[in-house]
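Examining the three-dimensional arrangement
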Amino acid sequence: MTWQLHDQAARVRTLIMVSRLGHCLNDLLFRWKTCSLPVDVVGVVSNHPDFGELAASYRIPFRHIPVTPQTKAAAESQLFEVIDDTGADLIVLARYMQILSGEVCKRVEGRMINIHHSFLPSFKGAKPYHQAHARGVKLVGATAHYVTPDLDEGPIIEQDAIRVNHALSPERLAEAGRDVEAQVLARAVTWHAEHRVLLNGDRTVVFH
């Protein structure tokens, strides 16, 4: 048996990564500021500059690291520098829309959490809510999981769903999905920070 002891008073140093969808970032920062998220947010990293002002409003360091196919390796080297400089124990992909290399995934194994809509594998690619609307889905949900080299297939920490119907437009479906994503991610981050999640191979055991 392997075991660990954790000081309940020590908050997990957390780095948040985001692209251009800010609902999860905004939710996490608000929860952190109001002391309902048991972490210390040490920075925000983005491949776009859009949320620099939001991070500044919370007095959180913001690092813009552009990513192109030609600069991907250099961008990931910069990411490693940020992780090391901030001493981040947890990295949260709050709708960070870049595929990370296997090297990154291996280095942060068990301490990087991702969130995505739970239409996968049915509706991949662009505009999944429009695809779901066209197929008449009746449930909209989200999945939070640990990141592994297998894209979107890491051990699941939390999932949730809400019922929808034909009266909702694709835009309203996406709005409902954003709400679920924010809630599911916040719960997953909280449980990880409280050391309630045990990794057991390809699955997790979560103590509520």
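Coordinates for the structure precede this section.
So, here is what we can say about the structure in this document. (Residues numbered from 1 in each chain as written. Predicted model: local features only at pLDDT ≥ 70, side-chain atom pairs only at ≥ 80, totals over all residues. Heavy atoms only, no water.)

Some points on the overall build of the protein chain
Rules: Numbering goes from the N terminus for both helices and strands, where a helix is a DSSP run of H or I of at least four residues and a strand is a run of E of at least two. For a compact globule the rule gives 2.2 Å times the number of residues to the power 0.38, and the radius of gyration it is set against comes from C-alpha atoms. For the exposure calls, accessible area comes from a 1.4 Å probe over protein chains only, and a residue counts as buried if that area is under 20% of its type's maximum, exposed if over 50%, partly exposed in between.
Counting its secondary structure elements, the protein chain contains 6 helices and 9 strands. Here the C-alpha radius of gyration of the protein chain, 17 Å, is about what a compact globule of 208 residues would show, namely 17 Å. Projected onto its principal axes, the C-alpha positions of the protein chain cover 50 × 40 × 35 Å. Burial statistics for the protein chain: of 208 residues in total, 47% are counted as buried.

Things to note about helix 5 (residues 128-135)
Definition in use: Note that the arc is defined by the directions from the helix axis to the C-beta atoms. Whether two residues are in contact is decided by their heavy atoms: any pair within 4.5 Å suffices.
Along helix 5, the residues classified as buried are Pro128, Tyr129 and Ala132. Viewed along the axis of helix 5, the buried residues span an arc of 95 degrees, placing them on a single side of the element. Next to the buried residues of helix 5 lie strand 5 (112-117), strand 6 (139-146) and helix 6 (170-193). Directly after helix 5, the chain includes Gly136, whose backbone phi takes a positive value near 70 degrees.

Some remarks on empty space enclosed by the protein
Rolled over the atoms, a probe as big as a water molecule pinpoints where empty space is left. Stated formally: In this analysis, the protein atoms alone were mapped onto a 1 Å grid. Cavities are point sets where a 1.4 Å probe fits without being able to get out; pockets are open sets with protein on both sides within 12 Å along at least five of seven lines; lining residues have an atom within 4 Å of a point. Grid points are joined across faces, edges and corners, and a volume is the space filled by probe spheres set on the points.
Counting across every chain of the model gives 1 cavity of 30 Å³ or more. Of the voids in this model, the largest cavity is the one considered here, and its volume is about 90 Å³. Lining the largest cavity we find Met17, Val45, Ile65, Val67, Lys72, Ala75, Glu76, Leu79, Tyr96, Gln98, Ile99 and Leu100. Broken down by element, the lining of the largest cavity gets its largest block of residues, 4 residues, from helix 3 (residues 72-86).

So, the layout of surface pockets
Convention followed: Throughout, the ten residues Ala, Val, Leu, Ile, Met, Phe, Trp, Tyr, Cys and Pro are labelled nonpolar, Asp, Glu, Lys and Arg are labelled charged, and all others, Gly among them, are labelled polar.
Size it by volume and the second largest pocket reaches roughly 470 Å³. Tallied by class, the residues present in the lining of the second largest pocket amount to 6 nonpolar, 6 polar and no charged.

So, the pairing of strand 1 (residues 12-18)
To keep it simple, the criterion reads: Two strands are counted as paired when DSSP detects at least two bridges linking them. Think of it like this: strands point away, you trace from the first strand over the helix to the second, and a clockwise trace means the crossover is right-handed.
The element strand 1 is extensively covered by neighbouring structure, given that 6 of its 7 residues are classed as buried. One ladder, built from 7 bridges, connects strand 1 with strand 2 (residues 39-46); its direction is parallel. Bridging from a neighbouring strand, Ile16 pairs with Val44 of strand 2. Following the backbone out of strand 1, through helix 1 (residues 23-33) and into the adjacent parallel strand 2, one traces a crossover that is right-handed. Here strand 1 pairs with strand 4 (residues 90-93) via 4 bridges, running parallel. Following the sheet pairing, Ile16 is matched in strand 4 by Val92.

With respect to the side chain of Ser46
Cut-off, in case you're wondering: For the purposes of these results, a polar contact is taken to be a pair of N or O atoms within 3.5 Å, where, inside protein, one atom must be able to donate a hydrogen and its partner to accept one; residues adjacent in sequence count only when each atom of the pair is a side-chain atom.
With respect to the secondary-structure elements, Ser46 resides in strand 2. For Ser46, a relative accessible area of 0% translates into the label buried. Within the structure, Ser46 has its side chain in polar contact with the backbone oxygen of Val18 (distance 2.8 Å). Apart from residues lying up to four places away in sequence, Ser46 is in contact with Val18, Ser19, Phe62, Arg63, His64 and Ile65.

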